[in-house]
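# Analysis of the macromolecular model
The lines below spell out each chain.
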Amino acid sequence: MKLSQRALNLIPSEPRRIYDEAKKYTHVIDLTLGDPDLPPPSNVQEAACKAIREGRTRYSANAGLPQLREKIAADAAKEYNMTFDPSSEIIVTVGAMESAYLSLWSLLNEGDEAIIPAPFWINYGEVVKSLGAKPVFVETRPEDSFIVRPEEIEKKISSCTRLLILNSPANPTGAVIPGKVLDQIADIACKYDLTVVSDEIYSHLAFDGQKPESILTRPGMRERTVVVNGFSKRFAMTGWRVGWALAPERLVRAMTQMTENIVACAPLPSQYAAIEALSDRTDESYIRREFEKRRNCVLEELETIPEIRSMGIPATFYAFLDVSRTGMSGKEFALELLKSKQVALIHGSAYGGDAYKDFIRIAFTMQCGELRKAFARIREFLAERKAK
Ligand code: PMP
């Protein structure tokens, strides 16, 4: 059997490789994947069970159940103070991954360029490449807390630039783009007629009472923005595979036609659960509170390890940490630590190349007790290296 050139071009992702490698060891503490260990709210679980018991398990409209799109519109009205038409400006997808994929598929021609601030969520680079388009990376700096500089976006714009991907709060850095910076980016998007894909999947996981802002609400942005979002992180529903996009009607129409060809619709019990998730009965704040507690625990542990530096963790459940003072690159750190202490984490270069070779990413998707054990092993690892 001959595979397509497209399939042959795919590169296995580093996080998956390390995750698979970690499975070869016993007693591993796995800090690799961003998969929350918390249960979804109990009323949401019950809504899915009830849908299954009552046989509400067939296909829905390709764009998702109308009742769910109405709930998403009501949620968007609260978030952005904007009205979206549930029948034409919202699509329910198989996770935010599918809404990201469908929007890029619908917007990019071969040879087009998509600007992506780095470090970035790996899927974006891979999907853009798989469509024959070119990812153009704008490196962010630790001294800017990994917030993109608008003038550096502008420098990367060429006659082929079609769109800009923003992810705030960001995977892997946790960076939240401040409102003033969003204003400047919006001006650039309008000036050069760019579409913005705004991935806001972590918007409800911001700490210290912050509320991340969206580029969507800036003047002139409504008609050029696709908001990618989902239930995975906000409601701890990763395996339920349900997300959504808010976008102008023409784009939603194209995405809906394409989804018919690949998945038909998001899983029905999950869609019923999602309706319940967005009802007034749901209180998902325990999820943010728990991650804030774990974030505090990570920062406390880091204070005891001067060789590892954090630029702050304002949001998400990731910490992107500078390990250069250990004398190791992020990759050496990750591989040696796994071998000698069975703690799995990902090296920073996996998320944006050499510029991040001094970094590691940890996902704190486990309880504080387990996290503290991981840090104890890291301390041992560094002490043993020093003693050699
Ligand atoms: N966007 C970002 C930035 C993510 O980190 C992830 C998941 N790791 C997703 C989208 C995909 O989320 P979902 O489970 O809704 O497909």
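Residues numbered from 1 in each chain as written. Predicted model: local features only at pLDDT ≥ 70, side-chain atom pairs only at ≥ 80, totals over all residues. Heavy atoms only, no water.

## Here's the deal with the sheet that holds strand β9 (residues 309–310)
- Read from one edge of the open sheet, four strands run β9-β10-β13-β12, paired in antiparallel fashion. Across the chains shown, the open sheet's two edge strands, defined by having one partner strand only, are β9 and β12 (346–347).
- Pairing between β12 and strand β13 (residues 359–363): two bridges, direction antiparallel. Residue pairing in the sheet places H347 in a bridge with I360 of β13. (Pairing = 2+ DSSP bridges. Helix = DSSP H or I, 4+ residues; strand = E, 2+ residues; numbered from the N terminus.)

## Regarding the pattern of salt bridges
- One pass over the full model with this rule turns up 35 salt bridges.
- Of the charged contacts, one joins R288 and E292 as a salt bridge, the two residues approaching to 3.9 Å between their closest N and O atoms. You can see R288 and its partner E292 sitting in helix α11 (residues 285–303), four residues apart, about one turn around the helix.
- Between K341 and E380 there is a salt bridge, and its shortest N-O distance comes to 2.9 Å. Highlighted residues: K341 in helix α12 (residues 330–341) and E380 in helix α13 (residues 368–387), separated in sequence by 39 residues.
- For E380, a relative accessible area of 39% gives the class partly exposed.
- Here the residues in one salt-bridge network are D37, E290, K293 and R294, joined through shared partners. (Salt bridge = Lys/Arg side-chain N within 4 Å of Asp/Glu carboxyl O. Buried < 20%, exposed > 50% of the residue type's maximum accessible area, 1.4 Å probe, protein only.)

## Topic: the pairing of strand β10 (residues 318–322)
- For β10, a buried count of five out of five residues is recorded, marking the element as mostly surrounded by other parts of the structure.
- Covered by surrounding structure in β10 are Y318, F320 and D322 together with A319 and L321, the residues of both alternating faces.
- Strand direction decides the pairing type here: β9 and β10, joined by two bridges, are antiparallel. Counterpart to R309 in the pairing with β10 is D322.
- Here β10 pairs with β13 via five bridges, running antiparallel. The partner of Y318 across the bridge, within β13, is A363.

## Things to note about the packing of helix α5 (residues 95–107) against helix α6 (residues 122–130)
- Put simply, α5 and α6 touch, their axes get as near as 10 Å, and they point 35° apart. Taken as a pair, α5 and α6 cross one another with a handedness that is right-handed. Two secondary-structure elements touch here, α5 through M97, A100, Y101 and L104 and α6 through N123, Y124, V127 and V128.
- Counted by class, the contact of α5 with α6 contains seven nonpolar, one polar and no charged residues. (Axes fitted to C-alpha atoms, helices over the stretch in contact; angles between N-to-C directions. Left-handed = near helix turned anticlockwise from the far one by under 90°. Contact = heavy atoms within 4.5 Å. Nonpolar A, V, L, I, M, F, W, Y, C, P; charged D, E, K, R; others polar.)

## Digging into the domain arrangement of the chain
- Domain boundaries assigned for the chain yield domain 1 (5–40 + 284–387) and domain 2 (44–277).
- A C-alpha centroid distance of 25 Å is found between domain 1 and domain 2.
- Around 2900 Å² of area is buried between domain 1 and domain 2 when both sides are counted, 64% of it from carbon and sulfur atoms.
- Summed over the shared surface of domain 1 and domain 2, the result is two salt bridges.
- With a shortest N-O distance of 3.0 Å, E284 and R234 are connected by a salt bridge.
- Elements with a contribution of two residues or more to the side of domain 1 that touches domain 2: α11, β10 and β13.
- With five residues, α11 is the single largest residue contributor to the side of domain 1 that touches domain 2. (Domains from an automatic or database assignment. Buried area = accessible area lost by both parts, 1.4 Å probe.)

## What to know about α12
- The end-to-end C-alpha distance of α12 is 16 Å, a good match for the 16 Å that 12 residues give at a rise of 1.5 Å each.
- In this structure, the buried side of α12 is in contact with α2 (14–22), β11 (343–344), β12, β13 and α13.
- Just beyond α12, the residue with positive phi is Q342, at close to 55°. (Expected span 1.5 Å × (residues − 1).)

## Remarks on the packing of α12 against α13
- Put simply, α12 and α13 touch, their axes get as near as 10 Å, and they point 100° apart. As summarised for this structure, α12 and α13 are arranged roughly perpendicular, according to the angle between their axes. Contact with α12, carried on its side by F333, E336, L337, S340 and K341, involves R377, I378, E380, F381, L382 and E384 of α13 and no other residues of that element.
- Residue composition of the contact of α12 with α13, by class: five nonpolar, one polar and five charged. (Parallel < 35°, antiparallel > 145°, perpendicular 65-115°, else oblique.)

## Re the sheet that holds strand β5 (residues 161–167)
- The strand order β2-β8-β7-β6-β5-β3-β4 describes an open sheet built from seven strands, whose pairing is mixed. In this open sheet, the two strands that pair with only one neighbour each are β2 (90–93) and β4 (134–139). In this sheet, adjacent strand axes meet at a mean angle of 20° when their direction is disregarded.
- In this structure, strand β7 (residues 225–230) lies alongside strand β8 (residues 243–246), joined through four bridges in antiparallel fashion. Looking at β8, one finds that G230 is bridged to G243.
- With respect to the sheet, α5 is in contact with β2, β5, β6 (195–199), β7 and β8, its orientation differing from that of β7 by roughly 160°.
- The strands that helix α9 (residues 249–262) touches are β2, β7 and β8; relative to β2, the one it contacts most, it runs at about 30°.

## Brief notes about the nonpolar core
- One finds L31, L104, I185, I308, F333 and I362 to be the most contacted residues of the largest nonpolar core, which totals 98 residues.
- Here the element with the most residues in this core is α13; it accounts for seven residues.
- Residue contributions to this core reach at least three from each of two domains, namely domain 1 (5–40 + 284–387) and domain 2 (44–277).
- Listed in part, the 30 residues of the second largest apolar core include A73, V227, F231 and W244. (Core = buried A, V, L, I, M, F, W, Y, C linked by side-chain atoms within 4.5 Å.)

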